Structures are given as structure tokens and as C-alpha cells.
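Take a look at the letters that make up each chain.
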Amino acid sequence: FSLAKIPLVIRESRVGSQQVFAVSAEAAQHGIQPGMTLKQARALCPQACFIPANPTRYQHILKEISSLLADFTTKVEPSGGQLAAIIYSDFGRLANTEQLELAECLGQVVQERTRLAPALGLATGKFPAHVAASSIGLKRALFIAPGQESSFLAPFSVTHLPLDQELSYRFRLLGLRTLGQLAEL
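These figures come from a predicted structure and were not determined experimentally.

1. Structural notes on the packing of helix α3 (residues 55–70) against helix α4 (residues 96–114)
Then, in step 1: Between α3 and α4, the least distance of the axes is 11 Å, while the angle of their chain directions is 145 degrees. For α3 against α4, the interelement crossing comes out right-handed. Facing I61, E64, I65, L68 and L69 of α3, the residues of α4 in contact are L106, V109, V110, R113 and T114.
Then, in step 2: Residue composition of the contact of α3 with α4, by class: seven nonpolar, one polar and two charged.

Encoded structure:
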């Protein structure tokens, strides 16, 4: 049985806590967000799979992946946050094809060593790389050619931005749904 396409909700591991710790992309599509109560999450998506968080294991794996990347580049940066599942690295001045080959090789090594299937986004900036990685399936890499970031990002939802609820509400009122619409302003 595979959890690959099932909405997954990771609940806080603290005793007595009734909050969501993290969610899969499938659960987020149902409106579930970290910090909301488990009761709210169940109401939004009763078919979701709820499992307890294991922050110690997550941090260990993050360090393992960061160490692996450090063998290839000195510029390795976890994204921060309690559950950092994103690591940025800079491959320097490698040619585009070399970057993609290296990313695919790293993806294989990460999967072999951690049994986790990464999604890899390659772009000239952190934000387009993040969107690229989150827009493809696991065990895949997506390369955004330099200069193509704006056209790549244009159709994606503004929800990819770190917006508070008030600003998100204002964007909806203004009819701003995509990054392209926001960029046009």
C-alpha cells in the first residue's frame, strides 16, 4: 500500500497536542495547513491518512542530505522552519545539461541513502526552483532555463507565495489568482 497519492497529514508529536504539524501536497489541496486543529483537518478531508510526526528523524535525514550535497558544492542551505524538507544548493557555473545530470545523480543517491524520493527543481533563483520541484512528481527533475523563470511561473497560483491570510484575501478580492497576473501589476 502506497501513500504516494493519499492526502497525508502529520500530526504534532507532543502529548496532548491536537494540531497539524505538516501536510502533503494532496492534503494541502483540501485546504489543510500546518497549525490547524486535527478536527478541522478531518472535517476538510476525512479520507486523509493521519500519522504522528517524528522531528528527530526529520532533522537527522535533513543533515544527511545536506552532508551529501556538501560533497558537490559548498553552497548548501536548508530552507529553515521546523520541518525543512527543502534544501537549496548552488551548482555554480556548470552548463545546463551538467546541472540536470548532477541533479538526477544526486536524486538517485538521496533515494538510495534515505529511501526518500526527492523532486528536484533547477532554476537561477530559489523561488522558481522551489515551484519547479513542487510542480513535478517524485523521482523527477525539472530544469527552468535562465531567462524563462517569468514565463514558467506565470500560470502558477499566488498561493505559492508566503502570504498571510489578509493579503491572500485581498488578492482574491482583486481577482489575482496567478503569479503572472500579479507580475503584470
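2. A few points about the packing of aromatic side chains
How two aromatic rings sit relative to each other is given by the distance of their centres and the angle of their planes.
Then, in step 1: For the structure shown, the criterion picks out one aromatic pair.
Then, in step 2: Considering the side-chain rings of F152 and F156, the 5.1 Å spacing of their centres and the 55 degrees angle between planes classify their relative orientation as tilted. Take F152 and F156: they sit in the same class, and that class is buried.
Then, in step 3: Above the face of the F50 ring, R42 is positioned so that its terminal group lies 4.4 Å from the ring centre.

3. Some points on the pairing of strand β1 (residues 8–11)
Then, in step 1: Alignment of β1 against strand β3 (residues 49–52), held across four bridges, turns out to be parallel. The residue of β3 that forms the bridge with L8 is C49.
Then, in step 2: Relative to strand β2 (residues 20–23), β1 runs antiparallel, the two sharing three bridges. Residue R11 lies in a different strand from β2, and its bridge partner there is V20.

4. Considerations on the environment of A28
Then, in step 1: Among the structural elements, A28 can be located in helix α1 (residues 25–28).
Then, in step 2: Judged by its relative accessible area of 41%, A28 falls in the partly exposed class.
Then, in step 3: With 17 residues separating them along the chain, A28 and C45 place their C-alpha atoms 9.7 Å apart.

5. Comments concerning the confidence of the model for the protein chain
Then, in step 1: Averaged over every residue, the pLDDT of the protein chain is 84; the share at 70 or more is 94%.
Then, in step 2: Highest mean pLDDT in the protein chain belongs to helix α6 (residues 149–153) (95); lowest belongs to strand β4 (residues 76–78) (75).

6. Topic: the nonpolar core
Then, in step 1: Within the largest apolar cluster, 11 residues are counted, these being I61, I65, L68, L69, F91, L102, A103, L106, V109, V110 and L122.
Then, in step 2: Those elements that place two or more of their residues in this core are α3 and α4.
Then, in step 3: For this core, the element with the highest residue contribution is α4, accounting for five residues.
Then, in step 4: The residues contacting L69, other than those within four sequence positions of it, are V76, I87, S89 and L106.

So, how was this worked out
Residues numbered from 1 in each chain as written. Predicted model: local features only at pLDDT ≥ 70, side-chain atom pairs only at ≥ 80, totals over all residues. Heavy atoms only, no water. Axes fitted to C-alpha atoms, helices over the stretch in contact; angles between N-to-C directions. Helix = DSSP H or I, 4+ residues; strand = E, 2+ residues; numbered from the N terminus. Left-handed = near helix turned anticlockwise from the far one by under 90°. Contact = heavy atoms within 4.5 Å. Nonpolar A, V, L, I, M, F, W, Y, C, P; charged D, E, K, R; others polar. Phe/Tyr/Trp six-rings, centres within 6.5 Å; stacked < 30°, edge-to-face > 60°. Buried < 20%, exposed > 50% of the residue type's maximum accessible area, 1.4 Å probe, protein only. Lys NZ or Arg CZ within 6 Å of the ring centre and 35° of its normal. Pairing = 2+ DSSP bridges. pLDDT = per-residue confidence, 0-100. Core = buried A, V, L, I, M, F, W, Y, C linked by side-chain atoms within 4.5 Å.

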